[in-house]
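Notes for the structure review
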Amino acid sequence: MLLSSPFVSVSVSVSPLPPQFSQPCYGARPAALRIEAARQLTGRVVTTKADKTVGVEVVRLAPHPKYKRRERIKKKYQAHDPDNQFKVGDVVELRPSRPISKTKHFLAIPLPPRDTRRKSQLLPPLQSQADDDDQAPPPSPSSE
């Protein structure tokens, strides 16, 4: 039986028998069918003491096993920083890479700083608000 799909560019032959009863096909997995889970981690740099290495703390929310309330889980990863460009407090993205050392399996990628301004400050004022500003009463005379 031949399996083809609009999502897969390689046709794969599928055996009607379960894998334990069919003949093994070593190294027959086509490269186009390899699917990787895109694990995207974002965290804050907490240490830069080692050369070309940063310690990144990743915070995620997970439900408590008994009480089901979401709690913060912190985990610290070592990431490769080839140019020593990060400082403590920088926000970085961790991308999986080949193992660089015993504990380093991620590459630190810089993220642009988050814009903390409010949305109302980013957008121009509404026309009704602009008209109100034009018709504002003159300031009252102050006694001098």
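Residues numbered from 1 in each chain as written. Predicted model: local features only at pLDDT ≥ 70, side-chain atom pairs only at ≥ 80, totals over all residues. Heavy atoms only, no water.

Naming follows an unreviewed UniProt entry, where the protein chain appears as Small ribosomal subunit protein uS17c of Miscanthus lutarioriparius. Regarding the protein chain, the UniProt comment filed under Sequence similarities (unreviewed entry) reads as follows: "Belongs to the universal ribosomal protein uS17 family." The record in UniProt for the protein chain states the following under Function (unreviewed entry): "One of the primary rRNA binding proteins, it binds specifically to the 5'-end of 16S ribosomal RNA." (UniProt positions renumbered as here; feature names shortened; annotations may be inferred.)

Comments concerning the pattern of salt bridges
Considering all chains together, one arrives at 1 salt bridge under this definition. Put simply, E93 and R95 hold a salt bridge, and the shortest N to O gap is 3.2 Å. (Salt bridge = Lys/Arg side-chain N within 4 Å of Asp/Glu carboxyl O.)

Looking at the environment of T53
Position of T53 among the secondary structure elements: in strand β4 (residues 53-63). Linking T53 and A108, residues 55 residues apart in sequence, is a C-alpha distance of 8.9 Å. Non-local contacts of T53, meaning those with residues more than four positions away in its chain, are made with T47, T48, Q78, A79, D81, N84 and K104. A distance of 2.9 Å separates the side chain of T53 from the side chain of K104, its partner in a polar contact. (Helix = DSSP H or I, 4+ residues; strand = E, 2+ residues; numbered from the N terminus. Contact = heavy atoms within 4.5 Å. Polar contact = N/O pair within 3.5 Å; in protein donor to acceptor, adjacent residues only side chain to side chain.)

Comments concerning the pairing of β4
Two elements, strand β3 (residues 41-47) and β4, share 3 bridges in a ladder whose sense is antiparallel. Considered in β4, the bridge of V45 is made with V56. Here β3 hands over to β4 after 5 residues, with K52 in that stretch at a positive phi of 60°. Pairing between β4 and strand β5 (residues 70-80): 11 bridges, direction antiparallel. Its bridge partner lying in β5, G55 is registered against Q78. (Pairing = 2+ DSSP bridges.)

Structural notes on the packing of aromatic side chains
This structure, assessed with the given rule, holds 1 aromatic pair. Both rings, one in Y77 and one in F106, keep their centres 5.2 Å apart while their planes meet at 75°; by these two values the pair is edge-to-face. Residue Y77 is located in strand β5, and its partner F106 is located in strand β7 (residues 104-110); the two are separated by 29 residues in the primary sequence. Both residues of the pair, Y77 and F106, count as buried. (Phe/Tyr/Trp six-rings, centres within 6.5 Å; stacked < 30°, edge-to-face > 60°. Buried < 20%, exposed > 50% of the residue type's maximum accessible area, 1.4 Å probe, protein only.)

Some words on the pairing of strand β6 (residues 91-96)
Note: β3 against β6, 4 bridges, orientation antiparallel. Bridge assignment links G43 to a residue of β6, and that residue is V92. With 5 bridges joining them, β6 and β7 adopt antiparallel strand pairing. In the strand pairing of β7, P96 is matched with F106.

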